[in-house]
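# Overview (structure and organization)
This is what each chain is made of:
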Amino acid sequence: MIVAMQEKASEDEIDTVITAMEEAGVHVHRTTGEFQTILAGVGPTGALDPAKFEMLPGVEHVHRISAPYKLAGRAWRPEGTTIEFRNGEKIGGQKVAVIAGPCAIENREQIFSIAACVQAAGGGFLRGGAFKPRSSPYSFQGLGIPGLEMMREAADAHGLAVVSEVMEIAQIEPMLPLVDCFQVGARNMQNFNLLRELGQVRKPVLLKRGIAATVEELLLSSEYILSGGNYEVILCERGIRTYETATRNTMDIAAIPVLKKLSHLPVTGDPSHGTGRRDMVPAMAKAAVAAGADAVLMEIHPNADKAVSDAAQTLYFDQFEKLVAELRVLAGAVGRTL
Ligand code: PEP
Ligand code: MN
């Protein structure tokens, strides 16, 4: 159940409504927007009478949510969520964010040269895996925390925020001081214990869509994080598995406007994993921006063909620079900046 307060509702009126909701046995999540406060009641709301709450002073309207997710739904934050990072960059605002970096952190020289490239192109976020979920146990598994320390240094030297994948609960604590945003990979989208634990953290989470997950399942997974009180979740379309084999995955561009409509959470497009092919990345990056994505995630490497993982989909620096310049023009055409 969502209770939208009137613009001029007082704190006392808001408190009275929260108390009435709690007395009815529901857990209340409050969001204070620029103009109005919205209260989301989560729990056994089925038996509640919305009319009873509509009568309370300061209430504008009350509605039941039929979608199985409540906190991820648009109604809770109609104006949309903007997430701010300590380097001053935002995801979810007017500016389209650029998140770029290698698939895996390989060595100092590699990550420092990539950080310099991302900054020079005007990007605000450095990505790179320290813990890699590889299809084969014999493939390179990542450098772990020492790799992340290198990436932190490189990001700080270039004013960038750090995004890196967390694969299990035990990695959260050592990663916390080193990352600005936890990435949950496609393979872990339904690792509910990990999601619950990330709900307790007060750092943003970039949640990737699972390879066989529906939009609703993605939103329900985000709900696990939000219901813990961590309201800073970024959704990511990274391609799903279909019968098509011409690309590594099928990038579901339509999922971007669908997610923007159903949810207030920012949405990222990942054309690298979405296509698996370097030559297809620019077209799908542009498609993501045109479709309303709040961020674009791209894999880049100084020696892309020799990257230890995901080489085929990784852009060379010059390709990345050219693409970001084109995305900037495109963002302007759809009322955004980049
Ligand atoms: C990655 O970002 O490098 C990655 C492993 O992504 P995904 O979980 O989407 O496969
Ligand atoms: Mn990758």
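My aim in this report is to walk through the structure given alongside it, one point at a time.

This next bit is on the coordination of the manganese ion (ligand 2). Around the manganese ion (ligand 2), the protein contributes the donor atoms C103 (SG), H273 (NE2), E299 (OE) and D310 (OD), which lie 2.1 to 2.4 Å from the metal centre. Sequence positions of the residues that donate to the manganese ion (ligand 2) give the spacing C-x169-H-x25-E-x10-D. Of this pair, E299 sits in strand 14 (residues 295-299) while D310 sits in the loop between strand 14 and helix 11 (317-333), and the two are 11 residues apart along the sequence. Across the pair, exposure class does not vary: E299 and D310 are buried alike.

It is worth spelling out the nonpolar core at this point. As a rule of thumb, soluble globular proteins bury nonpolar side chains together. Ranked by internal contacts, the top residues of the largest apolar core, which has 73 residues, are L126, F182, L198, I300 and F320. With six residues, the single largest contributor to this core is helix 11. With residues up to four places along the chain from it excluded, the contact list for L198 reads V166, I172, F182, V184, V205, I225 and N230.

Given a rise of 1.5 Å per residue, 13 residues ought to cover 18 Å, and the 18 Å separating the end C-alpha atoms of helix 4 (residues 145-157) matches this to within 8%. Within helix 4, burial applies to G147, L148, M150, M151, R152, A154 and A155. Positive backbone phi, approximately 65°, marks G159, located one or two places after helix 4.

It is worth spelling out the layout of surface pockets at this point. Considered as a void within the structure, the largest pocket measures approximately 250 Å³ in volume. Forming the boundary of the largest pocket are 19 residues, of which P133, R187, R248, H273 and D310 lie nearest the centre. Its residues assigned to classes, the lining of the largest pocket shows three nonpolar, seven polar and nine charged. Tallied by class, the residues present in the lining of the second largest pocket amount to five nonpolar, four polar and four charged.

This part takes up the sheet that holds strand 14. As a general point, the strands of a sheet are linked pairwise by backbone hydrogen bonds and lie either parallel or antiparallel. What the eight strands build is a closed barrel, ordered 7-8-9-10-11-12-13-14; its pairing is parallel. Pairwise comparison of adjacent strand axes, ignoring direction, gives a mean angle of 25° for this sheet. Pairing between strand 12 (residues 233-237) and strand 13 (residues 267-269): three bridges, direction parallel. Each bridged residue has a counterpart across the sheet, and for C236 the counterpart in strand 13 is T268. Each of strand 8 (125-127) and strand 9 (161-165) is contacted by helix 4, which is oriented at about 155° to strand 9, the strand it contacts most.

Cut-offs and rules
- Residue indices follow the written sequence of each chain, beginning from 1 at its first position.
- In the order they appear in the text, chains get letters beginning with A and ligands get numbers beginning with 1.
- Only residues with pLDDT of at least 70 get local features here, since the model is predicted, and only at 80 or more are side-chain atom pairs given and counted; chain-wide, interface and lining totals rely on the full set of residues.
- As a rule here, side-chain values come from all non-hydrogen atoms in the structure, and water together with hydrogens is ignored.
- As a rule, N, O and S atoms within 2.8 Å of a metal are its donors, except that Na, K and Ca use 3.2 Å; water is not among the atoms, so sites may look incomplete.
- Helix numbers and strand numbers start at the N terminus; a helix is a DSSP run of H or I with at least 4 residues, a strand a run of E with at least 2.
- We call a residue buried when its accessible area falls under 20% of the maximum for its residue type, exposed when it is over 50%, and partly exposed in between, using a 1.4 Å probe and counting protein chains only.
- Grouping buried Ala, Val, Leu, Ile, Met, Phe, Trp, Tyr and Cys residues that are joined through side-chain atoms within 4.5 Å yields what is termed a nonpolar core.
- Here, two residues are considered to be in contact whenever any of their heavy atoms come within 4.5 Å of each other.
- Given the number of residues in a helix, its expected span is that number minus one, multiplied by 1.5 Å.
- Whether a set of points on the 1 Å grid over the protein atoms alone is a cavity depends on a 1.4 Å probe fitting there but being unable to get out, while an open set qualifies as a pocket with protein on both sides within 12 Å along at least five of seven lines; lining residues are those with an atom within 4 Å of a point.
- Grid points are joined across faces, edges and corners, and a volume is the space filled by probe spheres set on the points.
- Ten residues, namely Ala, Val, Leu, Ile, Met, Phe, Trp, Tyr, Cys and Pro, are considered nonpolar, four, namely Asp, Glu, Lys and Arg, are considered charged, and the remaining ones, Gly among them, are considered polar.
- Strand pairing is assigned whenever DSSP detects at least two bridges linking the two strands.
- Only C-alpha atoms enter the line fits that serve as axes; for helices the fit covers just the stretch in contact. Angles between N-to-C directions range over 0 to 180 degrees.

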